[in-house]
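Residue strings, one per chain:
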Amino acid sequence: METFTTLLVLLMKVLVCATSPTGIPSKSQDLVVATNEMARANYFSFVLLINMSPLDQRLQENVTFLMPKDRMLSKIRMHQNAVSGFLLRHSIPSPLLFDHLQHIPPGSLIPSSDPDYMLNISNKGRKNFSLNNVRITSPNLCTAGSSIRCHGIDGVLFVATDRPHLPACSNSSSPAVAPPLPLSDIPPSFPSPAPAGLLRRQTKNTAQNIQGLPI
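As a starting point, this report considers the structure included with it.

Quick notes on the rules
- Residues numbered from 1 in each chain as written.
- Predicted model: local features only at pLDDT ≥ 70, side-chain atom pairs only at ≥ 80, totals over all residues.
- Heavy atoms only, no water.
- Axes fitted to C-alpha atoms, helices over the stretch in contact; angles between N-to-C directions.
- Helix = DSSP H or I, 4+ residues; strand = E, 2+ residues; numbered from the N terminus.
- Parallel < 35°, antiparallel > 145°, perpendicular 65-115°, else oblique.
- Left-handed = near helix turned anticlockwise from the far one by under 90°.
- Contact = heavy atoms within 4.5 Å.
- Nonpolar A, V, L, I, M, F, W, Y, C, P; charged D, E, K, R; others polar.
- Salt bridge = Lys/Arg side-chain N within 4 Å of Asp/Glu carboxyl O.
- Buried < 20%, exposed > 50% of the residue type's maximum accessible area, 1.4 Å probe, protein only.

Some details on the packing of helix H2 (residues 29–40) against helix H3 (residues 44–52)
Relative to each other, H2 and H3 sit at 155°, their axes nearing to 8 Å. With respect to H3, the axis of H2 lies roughly antiparallel. H2 and H3 meet at a crossing whose hand is left-handed. Residues Leu31, Thr35, Met38 and Ala39 of H2 touch H3, and the partners they reach there are Phe44, Phe46, Val47 and Ile50. Taken together, the residues of the contact of H2 with H3 break down into seven nonpolar, one polar and no charged.

What about the pattern of salt bridges?
One pass over the full model with this rule turns up three salt bridges. We note a salt bridge from aspartate 99 to arginine 126, for which the minimum N-O separation is 3.5 Å. Of the two residues, aspartate 99 sits in helix H6 (residues 98–102) while arginine 126 sits in the loop between strand S4 (118–123) and strand S5 (129–131), which places them 27 residues apart along the sequence. Of the residues examined, aspartate 99 reaches a relative accessible area of 24% and is grouped as partly exposed. Taking the relative accessible area as the measure of exposure, arginine 126 reaches 45% and is therefore partly exposed. With its nearest N and O atoms 3.2 Å apart, the salt bridge here joins aspartate 154 to arginine 135. Residue aspartate 154 is found in the loop between strand S7 (148–153) and helix H7 (196–211), and its partner arginine 135 is found in strand S6 (residues 134–142); the two are separated by 19 residues along the sequence. Assessed through its relative accessible area of 30%, aspartate 154 is described here as partly exposed.

Thoughts on the environment of histidine 151
Looking at the element boundaries, histidine 151 is found in strand S7. Each C-alpha atom, one on histidine 151 and one on serine 91, is 9.7 Å from the other, the two residues being 60 residues apart in sequence. In contact with histidine 151, other than residues within four places in its own chain, are Thr64, Phe65, Leu66, Met67, Leu96, Leu97, Phe98, Leu101, Ile136, Ser138, Pro139 and Asn140.

In structure tokens:
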């Protein structure tokens, strides 16, 4: 309880500093709205990290945040200069509702906001949808703004140096792993659920990419 109270005090101090007239560019309105939604959902530590991080245009709009819970973040040590990289790995450079993510073919790789860190899609049903083996447990927590979405996850994504690599291709009968799926193929605001034609097109594109891999 004492640790949680200290965290809230620090969070309030950061919020006050963020709203003080210092001449420094302020957060976008969409990010302010999103962090308020995160706080109402009890993701205080993630909000604190956002307020600690230098303003980065990649985190201001057109982004989806993947948020570990407070108890998970309390178990990791992080220097202040590592906060920005942490947030970039825990975000996707497109505002995607959970239904949008579910329409990405399983096995696809999509980029995080860190261009060197990829997210592997695993979809075994609504309650078992994972990115790099970390499940989304609380989807669609940020929906009020026009360009930011966020989802709660049940773990912390590995640092970039520990990220999984694509396996080497061989002459065995093992199925090939699809190359990264460009986010341009994922419409940021198509209706939910998505039209069947959209899913067919994405699946076809992924199949074509697999066929193009060297053997």
